[in-house]
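Residue strings, one per chain:
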Amino acid sequence: VSLWMGKMEPEGQWWKSQLAADIHQALRIKELKLPTYHAHSPQIGMRRYFADLLAVLSNRYQLCPTARHLAVYLLDLFMDHYDVAVRQLYVIALSCLLLASKFEEKEDRVPKLEQLNTLGFMCSLNLALNKRDLIKMELLLLETFGWNLCMPTPAHFIDYYLHAAVQEGDLHNGWPLTSLSKTKAFMDKYTHYFLEVSLQDHAFLSFRPSQVAAACIAASRICLQISPSWTTVLHLLTGYSWDHLTQCIQLMLLAHDNDVKEANKSKSSPSPSHVSLQPQAHASPSLATSSLQRQQASSSQQLLLQAGAYPQHSPALSQLHMLAECQALGPVGSRDYLQPHHSSLLSASLPASSFPSFPSLASGLCGLPLQGPLSMQVGVGAEPRHCVGLAYSNGYLGSHHTFTAGCFDR
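Residues numbered from 1 in each chain as written. Predicted model: local features only at pLDDT ≥ 70, side-chain atom pairs only at ≥ 80, totals over all residues. Heavy atoms only, no water.

(A) Main features of the overall build of the chain. On a plain count of helices and strands, the chain comes out with 17 helices and six strands. For the chain, the proportion of its 410 residues judged to be buried stands at 51%. Sequence-distant contacts, at least 24 apart, represent 83% of the contacts inside the chain between residues at least 6 apart. When the accessible surface of the chain is summed, it comes to about 18000 Å², and 57% of that surface belongs to carbon and sulfur atoms. (Helix = DSSP H or I, 4+ residues; strand = E, 2+ residues; numbered from the N terminus. Buried < 20%, exposed > 50% of the residue type's maximum accessible area, 1.4 Å probe, protein only. Contact = heavy atoms within 4.5 Å. Areas by Shrake-Rupley, 256 points an atom, 1.4 Å probe, with all protein chains shown as cover.)

Below is the structure:
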């Protein structure tokens, strides 16, 4: 169906369609059911390392952003509810990457077992995965998440918001845009840069995924000195006002300022071989920060009234504003469906010998105490496992289908 949609409508028109709006609204409802992240992991100090590791592996195997973000999110949730030996975190991280790629990617892009075993850190740690062990680890993860991998991340929203990130009426340093296409290209690079920034710090898990995606757009507009920083079109499309985003934007601009300082240090260093992988800033750190402060001081004047280039049905504005109001202060409490007490895969149904390549897993994995009552999300049997299989670019709004065949037969 997605291929048919791609042939029938140009990309720009597809983003404005009723179908795209419906998918976006479905994802916004889905994110309300996401489990609460508590940052309880004893290994939280290594969280950045493993997030970077998954990002590197995703780039190596050319996985889409949604697969990369879902893999890190699965690892975050698992670490948040279980105390796992550091050695076993490598195995769990790879299993999260495989599950996420199977859910989001085409089957031929899913990393193969022999590829993973040849990774340098696997050899240095003397770790080796076999097919049986990998299946059991994936089953453990799936049971932990209640067999629900349909968990939206910021990457699932970013393309939908990005198509409206730059408009002809925008100004650059107070002047009309000289090239709309070039500005959109810079916007795309900066937005995906901030999207990766959101992976590196678990503080962004305190915001809704759609809120992080919207903040990526706003932070990019600040760095590119595009005014106003938040328009009526973006407000109506995302359901978020400027006040809903300022806290998240501040975190992103702080990370951006640090990257700019590191880039400036690398320029002044005598080593010519060091190349910064981060996009260069068009604005100085102080300019980006002061720009945000000016936006906060005049938040009531941020919205620029523009022509209605997007349909009014995109997406059920009254519902989105209601969602925004309940999301402004962070995750909805007591939505956890993770089951640290339900460890049948570790004890009852599977003996410790089921993990011959890493025998310490069964003894090194234990549930962490949770604050407040624990509830379980019950999935409706008739609901498709992949939630939304149609889209135009990557992920739920992507141009390819996900594949279920052969998931455990590689």
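(B) Structural context of the packing of helix H5 (residues 65-81) against helix H11 (residues 180-200). Here H5 crosses H11 at 15°, and the two axes come no closer than 10 Å. With respect to their mutual orientation, H5 and H11 come out roughly parallel. In this structure, the crossing between H5 and H11 has a hand that is left-handed. Between H5, through Arg68, His69 and Val72, and H11, the contact on the second element is made entirely by Leu195, Glu196, Ser198 and Leu199. (Axes fitted to C-alpha atoms, helices over the stretch in contact; angles between N-to-C directions. Parallel < 35°, antiparallel > 145°, perpendicular 65-115°, else oblique. Left-handed = near helix turned anticlockwise from the far one by under 90°.)

(C) Inspection of the packing of aromatic side chains at higher detail. Per the counting criterion, the structure on display carries eleven aromatic pairs. Between Phe50 and Tyr90, the ring centres sit 5.0 Å apart and the planes meet at 65°, which makes this aromatic pair edge-to-face. Of this pair, Phe50 sits in helix H4 (residues 47-60) while Tyr90 sits in helix H6 (residues 86-104); the two residues are 40 residues apart in sequence, bridging distant segments of the chain. (Phe/Tyr/Trp six-rings, centres within 6.5 Å; stacked < 30°, edge-to-face > 60°.)

(D) View of the sheet that holds strand S3 (residues 175-176). Here three strands make up an open sheet; going across it, the order is S3-S2-S4 and the pairing antiparallel. Looking along the sheet, the strands with just one partner apiece sit at the ends: S3 and strand S4 (226-227). Across two bridges, the pairing between strand S2 (residues 171-172) and S3 is antiparallel. Its bridge partner being in S3, His172 is matched across the sheet by Trp175. (Pairing = 2+ DSSP bridges.)

(E) Region of interest: H6. For H6, with 19 residues, the first-to-last C-alpha span of 27 Å sits near the 27 Å given by 1.5 Å per residue. For H6, the tally of buried residues reaches 17 of 19 residues, placing the bulk of the element in the interior. (Expected span 1.5 Å × (residues − 1).)

(F) Highlighting the pattern of salt bridges. Here the structure, examined in full by the defined rule, presents six salt bridges. Notably, a salt bridge pairs Arg28 with Glu31, separated by 3.2 Å at the nearest N-O pair. You can see Arg28 and its partner Glu31 sitting in helix H3 (residues 18-31), three residues apart, about one turn around the helix. With a closest N to O distance of 3.0 Å, Glu196 and Arg68 form a salt bridge. Placement of Glu196 in helix H11 and of Arg68 in helix H5 is noted, with a sequence separation of 128 residues between them. (Salt bridge = Lys/Arg side-chain N within 4 Å of Asp/Glu carboxyl O.)

(G) Just helix H14 (residues 242-268), in detail. With 27 residues, H14 should cover 39 Å at 1.5 Å per step; its first-to-last C-alpha distance of 37 Å lies within 8% of that length. Considering bend angle alone, the principal kink of H14 is centred on Cys248 and spans about 35°. (Bend = angle between axes of the 7 residues up to and from the residue.)

(H) Broad picture of the state of the cysteines. Scanning the entire structure with this criterion turns up zero disulfides. With no disulfide partner, Cys216 has as its closest neighbouring cysteine sulfur the one in Cys248, 6.8 Å distant. For Cys216, a relative accessible area of 0% gives the class buried. (Disulfide = S-S within 2.5 Å.)

(I) How the structure looks around unusual backbone geometry. Put simply, Ser227 and Pro228 share a cis peptide bond, and its omega is -5°. Following the sequence through the fold, Pro228 ends up in the loop between S4 and helix H13 (232-238). At Gln62, a residue that is not glycine, the phi angle is positive and equals roughly 55°. When you line up the elements, Gln62 lands in the loop between H4 and H5.

(J) Fine view of the environment of Ile217. Within the secondary structure, Ile217 is located in helix H12 (residues 209-223). Along the chain, Ile217 and Leu195 lie 22 residues apart, while their C-alpha atoms are 9.3 Å from each other. Those residues in contact with Ile217 that sit more than four places away from it in its chain are Ile158, Tyr161, Leu162, Ala165, Met187, Thr191, Trp230 and Leu234.

(K) Representation of the confidence of the model for the chain within the structure. Across the chain, pLDDT averages 73, with 63% of residues at or above 70. No element of the chain has a lower mean pLDDT than strand S6 (residues 392-393), at 34, and none a higher one than H12, at 97. For residues 298-364, every residue scores under 50 in pLDDT, and the model assigns this stretch 162 contacts once sequence neighbours within four places are set aside. (pLDDT = per-residue confidence, 0-100.)

(L) Up close: the packing of H11 against H14. Axis separation between H11 and H14 bottoms out at 10 Å; the angle between their running directions is 100°. Our classification of the angle between H11 and H14 gives roughly perpendicular. Here Tyr190, Tyr193, Phe194 and Val197 of H11 lie close against H14, whose contacting residues are Met252, Leu253, Ala255, His256 and Asp259. A per-class count over the contact of H11 with H14 returns seven nonpolar, one polar and one charged. (Nonpolar A, V, L, I, M, F, W, Y, C, P; charged D, E, K, R; others polar.)

(M) Structural view of the side chain of Asp170. Along the chain, Asp170 turns up in the loop between helix H10 (154-162) and S2. Given the relative accessible area of 0%, Asp170 is considered buried. Within the structure, the side chain of Asp170 is placed 3.0 Å from the side chain of Arg221, a separation counted as a polar contact. (Polar contact = N/O pair within 3.5 Å; in protein donor to acceptor, adjacent residues only side chain to side chain.)

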